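# Summary of structural features
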Amino acid sequence: MVFLRTSEKAGSCFIRTDQLDGETDWKPKVAVSCTQRLPALGDLFSIRAYVYAQKPQLDIHSFEGTFTREDCDPPVHESLSIENTLWASTIVASGTVIGVVIYTGKETRSVMNTSNPKNKVGLLDLELNQLTKALFGALVALSVVMVTLQGFAGPWYRNLFRFLLLLSYIIPISLRVNLDMGKATYGWMIMKDESIPGTVVRTSTIPEELGRLVYLLTDKTGTLTQNEMVFKRLHLGTVSYGADTMDEIQTHLRNPYSQTQPPAGGHTSATPPRKAPSAAPKVRKSVSSRVHEAVKAIALCHNVTPVYEHRAGTPAEAEDQDFSDGNRTYQAASPDEVALVQWTESVGLTLVSRDLASMQLRGPSGELLTFSVLQTFPFTSESKRMGVIVRDESTAEITFYLKGADAAMSSIVQYNDWLEEECGNMAREGLRTLVVAKRALTEEQYQDFESRYSQAKLSTHDRALKVAAVVESLEWEMELLCLTGVEDQLQADVRPTLEMLRNAGIKIWMLTGDKLETATCIAKSSHLVSRTQDIHVFMPVTNRGEAHLELNAFRRKHDCALVISGDSLEVCLKFYEHELVELACQCPAVVCCRCSPTQKAHIVKLLQQHTGRRTCAIGDGGNDVSMIQMADCGIGIEGKEGRQASLAADFSITQFRHVGRLLVVHGRSSYKRSAALGQFVMHRGLIISTMQAVFSSVFYFASVPLYQGFLMVGYATLYTMFPVFSLVLDQDVKPEMAMLYPELYKDLTKGRSLSFKTFLVWVLVSVYQGGILMYGALLLFESEFVHVVAISFTALILTELLMVALTVRTWHWLMVVAEVLSLGCYVASLAFLNEYFAPQMESRPAFGHGGHGTARWWPPPQQHLQCVRSIMGTVAGSLCAHPSSTITSPVTLTEWPHRTCSNTWLLGHTQTVAVVATKLVRVTLLYRAEGKWARLRPYLQAHVTCPRSFPQNLGPTGHGRSSLCTEAPRSLLWPSVPAGPGLRSSQPAAPCPCPKPFQPEYVSHTVRCPSVDPCGPRERRRSFQGF
């Protein structure tokens, strides 16, 4: 809004803009003079006036408008500038204000410079999503292969979905849960780290992003610096004063004022040193006179206002004891100006009061010096200097004081041979330099200047250019007074922290809203730019041609830091976005000054789009929120500028030096742990899916689960969750070693801990282990097929626990507890959950109900298995003895041993028959699991009677041979088919010499058995009725 009136008598007030531009110093604002002079507040509503304002724009450092009052004769026209406006999201620090609102809602500067936050997803999560998609593709492909190998028999689409469900453990559903729990654990570890106290983790989704950063974009004020300026050096050309020689300045300053005692009224008359320049300007001045002129220029050329705690303003007629109040503080738009005024106070020349029209200084002896402020020229990024025209009330002399950067002042001051060299020396020491000069004006010169200046300020078109042209008419052949050096104190351990981050392979960009010179000095003093590196200052450009020439000039530079202003950056990004970003990414360091909050966020977005690398933004003010929210990882510092950035960030710290440990130690560990955890969870699902696939392949690609019930649930939870999750405690190197060798961080940016290469390695390991476990259980424990579930599952659990133990690099006591606890839970489940490892053959009512209404298999399980094995032995014997008979079988034989068709074959190959019978039992079990056993019951009732107890010698014998076919029970009868050899039957078996081996082959549901006998060649067909 336009500032119309204030309760302050001086007609000005102070506002705080720390949440808008990040600066903590108070900014002076000036009310419109014609409304401020109104007698009463109510008169504002009786005047007729209007305000002309420019359209809304992003720039928070400029404003152009006019205020016109029409009810006067002639009408009053006043120019409006940035000093006559108050922005939203700022705080009035002194007095009360009344104004007219011109921008609201989305048109305000704060809203226009704020970007919408985005949902941040870690790069690790994106990579795991890609791997999960690959696993899903593998799941579908494997299911299709299994159905294809079945020959698409029957309802194949139903089998396809069965396989998708059976092999669904390939998709690591528990991966999301494990990773989220791991990220929460990483956040807890970060907040509990005593080396970085006060750190707060405000997100639980991207802690591993701290280990993948390539670009670090940081604010300057309050982030790298403490925003506290200290005066360090004063150079007069022939003599230089440092911190240890300030007492000499006090002596030189005291001498001129010791000749005249201060009068009772507090005002001094003309002093000889002030008259000396006009009396004899060509005479060489003494050191005391030069020191006095330099100190007085520093005390007058500024926009600092003294503020007293007990008073709203500081009138000129205040008594001396009010000026010496210890509660006096200084407020200004720039902290280095406050440092200069505080230094003049320390050497004896104190600023005691200031308003829009005057200021008062107090000398070393207590005398008051009054000056009228005629004009003030604020600092701008284009001019790089600020000036003031004052009239000494005691001598009526008008003097134009000017101070600014050496680059802008070198062409304005008179010729000298020391300015450039001393500026370079101070800059190498990390000091912010200012060149101070003056020029004496006559009354006629000033009146001519004032008329031209007022006319230029009323212009509504190209006002800035016209005003600058008028001011430049005074800026020539000015007398060089001194060179000052001010140090902006850095935060603790900023230099070693930046050095560590550079060694870790992180490129650091500094984005600040401060002046170019200030940003360059801080870049040097903080060692963001090393002393051996050159600095290329990107010249101001306004159009495409200038941008093209400047980019070509920059392209010829090698290994140099880039310093560019926000205006030039905007022009270059408009025409040569790709070229600028490509050149900037090759620089070891980049400094962007005079950046608005929107520009900061735009730079972050450009780096993400053009490089594809992970970015991190660090700031402490409200102007850094957009940058923090746009970056892949945002870090906020709690400082003098409030907690807005801290609350909007993903991680909150108290000092910049904590960034080093946060990235190098916690970021690195979080990424490596999450990568290992993610791959191990995928391995856990792949290995059990491989075992399921092998199981189904062995048993004729039947879609039957290998493990059911609690085993599948407990595998991913109770039995393996604790050891696998304990990987979040693993660390490959100690934190001290990670801090000592930050180069270890550099490998993480390449993503080698989790890639398609490591993923394929884990897939091969899973397939190998799953295949070995399943085939090993089937081959090594052939005779114990009934216990194949318990055998293979036990081997699986032990393998997982062993793999975790082999993966761990540094053991933690919780890891040992997790291993022991999981193993103990599994051993206990063997005792309490026996039915899952040796399943009871129960099903829904199908053929006969028990006493409690539950259909139970008859005969009992173990006897039933032995009975079925005896039946299969009989089937094999009958096929050999009576090949012409028709046999109704419960299965289709796909693997039949090569044998000689003779009467005595079974007697000599009982072990082979046992193997065949065992395989038949497996298929029988599969039919039972698929719910088809009910269709086998009529066949059993018609042909077999099994007792409740069987002899114990039906299993394998100690000599490795089976007595299955030779020791069948007496009650086993097969009336419709003659019994085979070794079985007691009512009809003896007839010999059938067949020299050729029996070679079955599939023809739909018919087995062709070609053979040769004395009667001649013939072909027999035996129909196997399937279910």
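Residues numbered from 1 in each chain as written. Predicted model: local features only at pLDDT ≥ 70, side-chain atom pairs only at ≥ 80, totals over all residues. Heavy atoms only, no water.

### Focus: the confidence of the model for the chain
The predicted model of the chain averages 76 in pLDDT, with 75% of residues at 70 or higher. Summarising per-element confidence for the chain, the mean pLDDT is lowest in strand S31 (residues 1002-1003) (31) and highest in strand S10 (residues 213-218) (94). A low-confidence stretch, residues 261-282 (pLDDT under 50), is modelled with 38 contacts involving residues beyond four sequence positions or located in other chains. Between residues 875-919, whose pLDDT stays under 50, and residues either more than four places distant or in other chains, the model counts 106 contacts. (pLDDT = per-residue confidence, 0-100. Helix = DSSP H or I, 4+ residues; strand = E, 2+ residues; numbered from the N terminus. Contact = heavy atoms within 4.5 Å.)

### Remarks on helix H15 (residues 494-503)
What H15 keeps buried is the set Val494, Thr497, Leu498, Met500 and Leu501. Along the long axis of H15, the arc covered by the buried residues comes to 160 degrees, so they all point the same way. Remark: glycine 505 follows H15 within two positions and exhibits a positive phi of approximately 85 degrees. (Buried < 20%, exposed > 50% of the residue type's maximum accessible area, 1.4 Å probe, protein only. Arc of directions from axis to C-beta.)

### A closer look at the environment of threonine 370
Checked against the element boundaries, threonine 370 lands in strand S17 (residues 368-377). Sequence separation between threonine 370 and valine 390 is 20 residues; the distance between their C-alpha atoms is 9.9 Å. A polar atom in the side chain of threonine 370 sits 3.4 Å from the side chain of glutamine 360. (Polar contact = N/O pair within 3.5 Å; in protein donor to acceptor, adjacent residues only side chain to side chain.)

### Here we look at the UniProt feature "transmembrane region" (unreviewed entry) in the chain
As annotated in UniProt, the feature "transmembrane region" (unreviewed entry) corresponds to residues 134-154, 160-179, 681-703, 709-729, 759-779, 785-806 and 813-833 in the numbering used here. Its end C-alpha atoms 31 Å apart, residues 160-179 is made of 65% helix and 0% strand. Taken end to end, residues 759-779 comprises 100% helix and 0% strand; its first and last C-alpha atoms sit 30 Å apart. (UniProt positions renumbered as here; feature names shortened; annotations may be inferred.)

### Here we look at the environment of glycine 485
You can see glycine 485 is positioned in strand S21 (residues 479-490). In this structure the C-alpha to C-alpha distance between glycine 485 and phenylalanine 231, which are 254 residues apart in sequence, comes to 6.3 Å. Beyond its immediate sequence surroundings of up to four residues, glycine 485 is in contact with Val230, Phe231, Lys232, Arg233, Met426, Leu431 and Arg432.

### Description of a negative patch on the surface
On the surface, Asp59, Glu382, Asp567 and Glu570 cluster together to form a negatively charged patch. As for its position among the elements, aspartate 567 is in helix H18 (residues 566-575). Since its relative accessible area comes to 46%, aspartate 567 is described here as partly exposed. (Patch = residues over 30% accessible without salt bridge, like charges linked within 9 Å, V, L, I, M, F, W, Y side chains within 5 Å. Areas by Shrake-Rupley, 256 points an atom, 1.4 Å probe, with all protein chains shown as cover. Salt bridge = Lys/Arg side-chain N within 4 Å of Asp/Glu carboxyl O. Lys, Arg positive; Asp, Glu negative; His and termini not counted. Charge placed at Lys NZ, Arg CZ, Asp CG, Glu CD.)

### Some words on the packing of aromatic side chains
Considering all chains together, one arrives at 18 aromatic pairs under this definition. The interplanar angle of 85 degrees and the centroid separation of 6.1 Å between the aromatic rings of tyrosine 215 and tryptophan 509 together place this pair among those described as edge-to-face. With tyrosine 215 in strand S10 and tryptophan 509 in strand S22 (residues 507-511), this residue pair connects regions lying 294 residues apart in the sequence. With a relative accessible area of 5%, tyrosine 215 lands in the buried category. A centroid spacing of 5.4 Å and a plane angle of 20 degrees characterise the contact between phenylalanine 449 and tyrosine 453, whose relative ring orientation is stacked. One end of the pair, phenylalanine 449, and the other, tyrosine 453, are both in helix H13 (residues 443-457), four residues apart, so they sit about a helical turn from each other. Both residues of the pair, phenylalanine 449 and tyrosine 453, count as buried. (Phe/Tyr/Trp six-rings, centres within 6.5 Å; stacked < 30°, edge-to-face > 60°.)

### Remarks on the UniProt feature "active site" (unreviewed entry) in the chain
The feature "active site" (unreviewed entry), as given by UniProt, occupies Asp219 in the numbering adopted here. Topologically, aspartate 219 is positioned in the loop between S10 and strand S11 (225-235). Here aspartate 219 falls in the buried class, since its relative accessible area comes to 2%. Residues in contact with aspartate 219, not counting those within four places in the same chain, are Leu224, Leu511, Thr512, Lys600, Ile618, Gly619, Asp620 and Asp624.

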